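One-letter residues, chain by chain:
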Amino acid sequence: MSERKRERAVKLNVINQPKDSYTGGPSSLCPGCGHDQISNVIITAAWENGVEPHRIAKMSGIGCSSKTPAYYLGQSHGFNTVHGRMPSVTTGAYAINKDLLYLGVSGDGDSASIGIGQLIHAIRRNMNMVYIVENNGVYGLTKGQYSATADVGSKKRKGATNEIQPIDLCALAINLGCTFVARSFSGSRRQLTSIIRAGMSHKGFALIDVISPCVTFNNNDESMKSYGYVKDNEVTLHMADYIPHFDPMEEVEVPEGHFRDITLHDGSTIRLETISEEHDPSDSMAALTALHDAETNRKHVTGLLYFNSEKPSLDEDLDLVDTPLLDLDDSEIRPSKESLDALNAEFLS
Amino acid sequence: MDNIVNDFTLNIATANGTGSQSANLILLDSLFEMGVPVSGKNLFPSNISGLPTWYILRLSEKGYQAPGDRTHIQILVNPATWEEDIEALEPGSVIIWNSDTKKKTVEREDIISYPVPMTSMARKINPKLAKLVTNIIYVGVVAELLGIDQKCLENAVSKQFKGKSSAIELNIEALQTGRDYCTENLEKKDPYIVEKRERRTKQFFIEGNEAVALGSIYGGCQMLAWYPITPSSSVAEGIIAYIPRLRTDEDGKTNLAVIQAEDELAAAGMVLGAGWAGGRGMTATSGPGISLMQEFIGLAYFAEVPSVFWDVNRVGPSTGLPTRTQQSDISMLYEGSHGDTQHIVLIPGTVEECFEFGWVAFDCAERFQTPIFGLSDLDLGMNKWACSGFEYPDKPMDRGKVVREKEVFEAFETFGRYLDIDGDGIPYRTLPGSGMDPILYRGTGHNPMGVYSEKPDDYRNLMVRLREKIDNSRDLLPEPLMREEEDSDIGIIYLGSMENSIQEIDDILLEMGHHVNQCRVRALPFHSDVEEFIRRHKTTIVLEINRDGQLYGILRRELPNDIVTNVHSVAYSDGLPPRARIYANLISEKLKEVNE
């Protein structure tokens, strides 16, 4: 009995790491916060994918969401940057060490307002990173102001109703040619795990917009991002089930029904279970239509909305040497004395 | 009439975008090749085409490089500034003017006038390119009047058009047309001529920005993030231009990533990201860009991220005069961002130093784990300066306190990202991906272990250590350069591109009866030698190109009380490169005031 217990406690992943290797410090967010569920999913996804924990870089901006990197992946370095500017810091780090897995976590204030420009340009460059938006339509740390993703008609506990059109980050990303666009819900543990695992395997920019209700400031029933609302109105477009190429045994969990396999850059496969049969994730117009319909009907469409593995990612665009620049010897990055002598001679001629 | 040899100023008034810059560079290069001591300044507008541009060529046997007090020879091609350019001339000046200019003539009797029908001659050579050719015609006329060597002129043309034979032929023809017109129609009535000189050392012309670019490449720059802004763009473009030759392998792949950012905020973020990841990242910008980068500068200071920022100073505030020069970002760089901060600023005054500080900046950034600023300006950065060659870095790269090996890491008794193990204020760092001492870098308060903290002692200790770290750097940075004579009790402290005017200022002051010593500050925080210099002099003037005396302000605050009152400010800026006489007069007035 006691032996079996220990066996369970030390369950290891493909690189022989226990799940504990992927956990972080205790959360200081409000009890019941959707963000904590996402943190747990990140831990599970990284563990199940068998990523070496120290080869992940945790990136964030400012806000409730951006505090969460302290709560997962304690063996990974991280950078809690400035408000809305996480994409640029990640871009610079990526140029120096393109072999790390960059895992960005952001919020709707970070991504849809102050940092929308940086988000747009990271998408445009097809930066190789996972970019999770923990989207609750509200500024939590500053005590409940509307964000740019707040729905029309949502109401603050005190004060006026929001009348301004929200920004749909998934629709924006698809229009910008983002190569991986998904939406999920912090309470949909199984779906979100699959999506984040797939995002981690994607080579390019993976935008994952996760509706993550704020239990303190945006949990009125009028809000489309409240728990009650989302639970009742979520439309699941796809069930995504992730099958890492090193462990096909996990395929047993694939549910019954229509499905389609998509091969990712690292050779792993993502399998999509199609609920809405006509949706093809390579069809951006269909994805936009699905988003539009969901919005019109005041519903959320979740799942992998759009995916494109053809577009070159930033490292190809930069045409960098294969070795990460970090690992080059000093003599490789300082040209020789002879080269300077030759330049001087040419200048003088 | 005695000839005046190699000692006069030409002012060429044209319109922007007409190709006059090429013509002016041909004049500059051919004079330079003759060994004539010459410098050129381009006064250009913030405009692509049409607005007035002046190019000033100063010939000076004493090697003065500032624009002179007056124009001796005015070349007039631009009708827009016609009247004011003529009016500014002193009696006896020379004017070479395009007599085909509609409704314009030269009526002054007290100047030597050479009318040249430039447009009609140019049309005969090539009607389509008449505007362009007009410029080369005045070069031909000037060459004939001054006696510029034909061989040197042809070499300069060939260099300018990089061996493109059709362009070279066209230009040589235009030059000859100008020369022929001169011999056939004009009688030389002025005293100005040029003569060949032997240079002691061989030299070439190069812009400060290109020198910074090369210095950065030899500094092992691994990532350049930039957003275009005058007058700094040519730093980034210089790096890009040299990458194929200096930083690309046989497969055509590079080890220097260049990212044109969406704005200066993003460029700064990328520099921090590169530094955090363990690489050498930089950006080049101007004052408005630095304004936008302030938030990241504070983060780099507080989280101790090596990063390099070049500021090629232009005239502020706001958009200011984008194509004019100033030394007005000193305070902003030194104390950039909110909260208590202090930054290291490297200040080159010559193109050789632009190269040197280009690589030194990276060593300082990694040694002190902090943002490093290079402060150049439009005058130094975008004008061509004589250079004898660049010196290869005389020491290996200083990568600072980075723990790369597990054995080294494990040898520490206790390790914390912000733990001052050596007592010099500089902690050790580990890198993302290494698996060693992972921490979450942050702009929020943190303790020596890198963990979030709002404890009063943690905050206070951190801020004191940061101050000590920067303070300890002062005597390790480029030291001030002094020129001292024992009999003088007046000292001048100055910085940056003022180097190119200081000798002439000094000579004018000497004529006025003031013997002065010089001290050129090359870095902030001030080297301790600066205080010693001030102590050796009864009176010290801080000379700078701005309104408020920013360097003076910093110095005044940091000097011990007993010598503060010995230091005085002379600050002046009108957007133009410093004219020696203006500053000499201001210094003289200040000295009079002090002595009263």
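Rules behind the numbers
Residues numbered from 1 in each chain as written. Chains lettered and ligands numbered in written order. Predicted model: local features only at pLDDT ≥ 70, side-chain atom pairs only at ≥ 80, totals over all residues. Helix = DSSP H or I, 4+ residues; strand = E, 2+ residues; numbered from the N terminus. Rg over C-alpha atoms; globule rule 2.2 N^0.38 Å. Contact = placed C-beta atoms within 7 Å. Pairing = 2+ DSSP bridges. Axes fitted to C-alpha atoms, helices over the stretch in contact; angles between N-to-C directions. Parallel < 35°, antiparallel > 145°, perpendicular 65-115°, else oblique. Left-handed = near helix turned anticlockwise from the far one by under 90°. Nonpolar A, V, L, I, M, F, W, Y, C, P; charged D, E, K, R; others polar. Buried ≥ 20, exposed ≤ 12 C-beta atoms within 10 Å, placed from the backbone. Right-handed = clockwise from strand over helix to strand, strands pointing away. Arc of directions from axis to C-beta. Core = buried A, V, L, I, M, F, W, Y, C linked by C-beta atoms within 7 Å. Domains from an automatic or database assignment. pLDDT = per-residue confidence, 0-100. Expected span 1.5 Å × (residues − 1).

Scanning chain B from N- to C-terminus turns up 20 helices and 24 strands. Taking 596 residues into account, the globule formula puts the C-alpha radius of gyration at 25 Å, and chain B, at 27 Å, falls close to it. Projected onto the principal axes, the alpha-carbon positions of chain B cover approximately 90 × 70 × 40 Å. Sequence-distant contacts, at least 24 apart, represent 74% of the contacts inside chain B between residues at least 6 apart.

Attention now moves to the sheet that holds strand 6 (residues 94-98) of chain B. Residues and elements named next belong to chain B. Strand order in this open sheet of 6 strands is 3-4-2-5-6-7, and the pairing throughout is mixed. Sheet topology places strand 3 (38-43) and strand 7 (112-116) at the edges, where each strand pairs with a single neighbour. Geometrically, the sheet is characterised by an average inter-axis angle of 15° between neighbouring strands, direction not taken into account. Bridge analysis of strand 3 against strand 4 (residues 52-59) gives 6 bridges, and the strand direction is antiparallel. Among the inter-strand pairings, Lys41 is bridged to a residue of strand 4, identified as Ile56. Its contacts with the sheet place helix 4 (residues 130-146) against strand 2 (8-15), strand 5 (73-76), strand 6 and strand 7, and it is angled at close to 150° to strand 6.

To continue, consider the interface of chain B and chain A. On the side of chain A, 47 residues touch chain B, which itself brings 51 residues to the contact. Only strand 9 (204-207), helix 7 (208-218), strand 10 (223-226), strand 11 (257-260), helix 9 (264-277), helix 10 (287-303) and strand 18 (440-442) of chain B provide two or more residues apiece to the side of chain B that touches chain A. Among the elements that take part in the side of chain B that touches chain A, helix 9 of chain B stands out by supplying 10 residues, more than any other. The sheet contact formed by strand 2 (residues 77-80) of chain A and strand 18 of chain B spans 3 bridges and is parallel. Each bridged residue has a counterpart across the sheet, and for Phe79 of chain A the counterpart in strand 18 of chain B is Tyr441 of chain B.

Turning next to the environment of Arg442 of chain B. Note that Arg442 of chain B resides in strand 18. Not counting chain neighbours up to four residues away, the residues in contact with Arg442 of chain B comprise Asn80 of chain A together with Ala303 and Tyr452 of chain B.

Residues and elements named next belong to chain B. Interaxial distance between helix 7 and helix 12 (residues 351-368) falls to 7 Å at its minimum, and their mutual angle equals 30°. Relative to helix 12, helix 7 is oriented roughly parallel. Crossing hand, helix 7 versus helix 12: right-handed. Residues Gly208, Ala211, Val212, Leu214, Gly215, Ser216 and Tyr218 of helix 7 touch helix 12, and the partners they reach there are Val351, Cys354, Phe355, Glu356, Phe357, Gly358 and Trp359. Here the contact of helix 7 with helix 12 is composed, by residue class, of 9 nonpolar, 4 polar and 1 charged.

A few words on unusual backbone geometry. Thr230 of chain B connects to Pro231 of chain B through a cis peptide bond whose omega is 5°. Note the cis peptide between Gly316 of chain B and Pro317 of chain B, where omega equals -5°. Structurally, the position occupied by Pro317 of chain B is in the loop between strand 13 (307-315) and strand 14 (321-325). Unusually for a residue other than glycine, Leu73 of chain A sits at a positive phi of about 50°. Position of Leu73 of chain A relative to the elements: it lies in the loop between helix 3 (64-67) and strand 2. On the basis of neighbour count, Leu73 of chain A is assigned to the buried category, with 27 C-beta atoms found within 10 Å. Even without being a glycine, Lys162 of chain B presents a positive backbone phi close to 45°. Locating Lys162 of chain B in the fold gives a position in the loop between helix 5 (150-160) and helix 6 (165-185). Take Lys162 of chain B: there are 8 C-beta atoms within 10 Å of it, and that puts it in the exposed class.

Turning our eyes to something else, we now look at the pairing of strand 7 (residues 180-185) of chain A. All names here are of chain A. By the criterion of burial, strand 7 is predominantly enclosed, with 6 of the 6 residues buried. In strand 7, alternate side chains face the same way, and those of Phe180, Ala182 and Ser184 on one face and Val181, Arg183 and Phe185 on the other are all buried. Pairing between strand 7 and strand 8 (residues 205-211): 6 bridges, direction parallel. Its bridge partner being in strand 8, Phe180 is matched across the sheet by Ala206. Crossover strand 7 to strand 8 through helix 8 (residues 189-201) is right-handed. Judged from the 4 bridges that link them, strand 7 and strand 13 (residues 300-307) form a sheet pairing that is antiparallel.

Residue and element names in this part refer to chain B. Listing the buried residues of helix 17 (residues 528-535) in full gives Val530, Phe533 and Ile534. Around the axis of helix 17, the buried residues are gathered within 100° of arc, so they sit on the same side. Helix 17 presents Ser528 and Glu532 as exposed residues on the side facing more than 90 degrees away from its buried surface. Buried residues along helix 17 sit in contact with strand 19 (481-483), strand 20 (490-495), strand 21 (516-521), strand 23 (539-544), helix 19 (561-564) and strand 24 (567-571).

The next thing to look at is the nonpolar core. With 191 residues, the main nonpolar core has Val181 and Leu207 of chain A as its most contacted residues. With 11 residues, helix 12 of chain B is the single largest residue contributor to this core. If near-sequence neighbours (up to four positions away) are discounted, Leu207 of chain A is found in contact with Ile123, Tyr131, Leu169, Ala173, Cys178, Phe180 and Val181 of chain A. Of all hydrophobic cores here, the second largest spans 53 residues; its members include Val36, Met121, Ala122 and Val157 of chain B.

Another point: the domain arrangement of chain B. Residues and elements named next belong to chain B. Here chain B is partitioned into domain 1 (4-193), domain 2 (206-387), domain 3 (401-478) and domain 4 (481-595). Distance from the C-alpha centre of domain 2 to the C-alpha centre of domain 4: 27 Å. Facing the 21 residues of domain 2 at the interface are 21 residues of domain 4. For the side of domain 2 that touches domain 4, the elements supplying multiple residues, two or more each, are strand 14, helix 11 (330-334), strand 15 (344-346), strand 16 (371-377) and helix 13 (378-382). In the side of domain 2 that touches domain 4, the residues fall into 10 nonpolar, 8 polar and 3 charged.

Residues and elements named next belong to chain A. Within chain A, residue pLDDT values average 83, and 78% of them lie at 70 or more. Overall, residues 243-265 carries pLDDT values under 50, and its contacts beyond four positions in sequence, including any with other chains, amount to 48 contacts. pLDDT under 50 marks residues 268-275. Its contacts with residues more than four places away, or in other chains, come to 43 contacts.

Turning to helix 2 (residues 34-49) of chain A, a few remarks are in order. Residue and element names in this part refer to chain A. When the terminal C-alpha atoms of helix 2 are compared, their 23 Å separation across 16 residues agrees well with the 22 Å that a helix rising 1.5 Å per residue should span. By the criterion of burial, helix 2 is predominantly enclosed, with 13 of the 16 residues buried. Trailing helix 2 by a residue or two, Gly50 shows a phi angle of about 70°, which is positive.

As a further point, take the pairing of strand 8 of chain A. Residue and element names in this part refer to chain A. Within strand 8, 7 of the 7 residues are buried, which leaves the element mostly enclosed by the surrounding structure. Burial along strand 8 is two-sided: the residues Phe205, Leu207, Asp209 and Ile211 and Ala206, Ile208 and Val210 are all buried. Sheet topology places strand 4 (residues 129-135) next to strand 8; 7 bridges connect them, and they run parallel. If you follow Glu134 over to strand 8, its bridge partner there is Val210.

Residue and element names in this part refer to chain B. Across the sheet, which stays open at both edges, the 5 strands sit in the order 19-21-20-23-24 with mixed pairing between neighbours. One side of each edge strand has no neighbouring strand; the edge strands of this open sheet are strand 19 and strand 24. Across the sheet, the mean angle separating the axes of adjacent strands is 20° when strand polarity is ignored. Inspection of the sheet shows strand 19 paired to strand 21 by 3 bridges, in the antiparallel sense. Bridge pairing links Met482 to Cys519 in strand 21. Helix-sheet contacts for helix 16 (residues 499-511) involve strand 20 and strand 21, and the interaxial angle to strand 21 is about 165°.

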